[in-house]
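# Reading the structure
So you can see what is in the structure, the chains are spelled out below.
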Amino acid sequence: MGTGKIRYWAAAKEAAGVAEEPFDAATLGELMTKITRDRVELARVVSRSSFLVDGAPVGRRPHDEVLLGEGVTVEVLPPFAGG
């Protein structure tokens, strides 16, 4: 079981109501299930977001295959507007 902190950026931060929080989860998929339970708006934002695990992009890898180790930082990056 991995432990660490999850950081939310932009719309994800607003939907979560916090900038970061601790977690314990073995995979990114498990973490996503835990953080979105009973948080409908966060689930909506997370479904469109990309993720970094200790600074490395997750990309298109299935979230259930992304293992989380001890002390990792997961960052939730919603789509950013701009130009």
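Worth saying up front: this structure is predicted, and the values here are computed from it rather than measured. For every chain, the first residue of the written sequence is number 1, and numbering continues from 1 onward in sequence order. Residues qualify for local features only when their pLDDT is at least 70, as the model is predicted, and side-chain atom pairs are given and counted only at 80 or more; totals for whole chains, interfaces and linings, by contrast, use all residues. To get the side-chain values, all heavy atoms of the structure are used, and hydrogens and water are removed first.

### A closer look at unusual backbone geometry
Using the following cut-off: What counts as a helix is a DSSP run of H or I of at least four residues, what counts as a strand is a run of E of at least two, and both are numbered from the N terminus.
Of note, A10 is a non-glycine position whose phi angle comes to about 50°, a positive value. Assignment of secondary structure puts A10 in the loop between β1 (2-8) and α1 (11-16). The phi dihedral of D54 falls on the positive side, at around 50°, and the residue is not glycine. Relative to the assigned elements, D54 resides in the loop between β3 (50-53) and β4 (56-57).

### Remarks on the environment of V53
We count it as follows: Exposure is judged per residue with a 1.4 Å probe applied to protein chains only, and the accessible area is read against the type maximum: over 50% gives exposed, under 20% gives buried, and values in between give partly exposed. Residues are treated as being in contact if the distance between any of their heavy atoms lies within 4.5 Å.
Inspection of the secondary structure puts V53 in strand β3. What makes V53 buried here is its relative accessible area of 14%. Residues V53 and V72 lie 19 residues apart in sequence; the distance between their C-alpha atoms is 6.8 Å. What V53 contacts, discounting residues up to four positions off in sequence, is V58, V66, L68, V72, T73 and V74.

### Some thoughts on the pairing of β3
Just so we agree on the cut-off: Pairing between strands is defined by DSSP: at least two bridges between the two strands are required.
With four bridges connecting them, β3 and strand β5 (residues 70-77) associate as antiparallel partners. Residue L52 lies in a different strand from β5, and its bridge partner there is E75. Here β3 pairs with β4 via two bridges, running antiparallel. Among the inter-strand pairings, L52 is bridged to a residue of β4, identified as P57. Between β3 and the antiparallel strand that follows it, β4, lie two residues; D54 among them carries a positive phi value of about 50°.

### Overview of the sheet that holds β5
Quick reminder of the rule: In this description, a line fitted to the C-alpha atoms serves as the axis of each element, helices being fitted only across the stretch in contact, and the angle between N-to-C directions of two axes falls anywhere from 0 to 180 degrees.
The strand order across the open sheet formed by five strands is β2-β1-β5-β3-β4, and the pairing between neighbours is mixed. The open sheet is flanked by β2 (20-25) and β4, the only strands paired with a single partner. Sitting on the sheet, helix α2 (residues 28-36) touches β1, β2, β3 and β5, and the angle it makes with β2 is about 125°.

### A look at α2
Our working definition: Relevant arc is that of directions from the helix axis to the C-beta atoms, nothing else.
Inspection of α2 places L28, G29, L31, M32, I35 and T36 among the buried residues, and these make up the whole buried set. Down the axis of α2, the sector holding all buried residues measures 160°, keeping them to one side.

### Comments concerning the environment of S47
This is how the line gets drawn: Here a polar contact means two N or O atoms within 3.5 Å. Within protein one must be a hydrogen donor candidate and the other an acceptor candidate, and residues neighboring in sequence count only if both atoms are side-chain atoms.
Structurally, the position occupied by S47 is in the loop between α3 (40-46) and β3. Judged by relative accessible area, S47 falls into the exposed class, the value being 59%. Sequence-wise, S47 and V58 are 11 residues apart; in three dimensions their C-alpha atoms are separated by 14 Å. A polar side-chain atom of S47 sits 2.7 Å from the main-chain carbonyl oxygen of R44.

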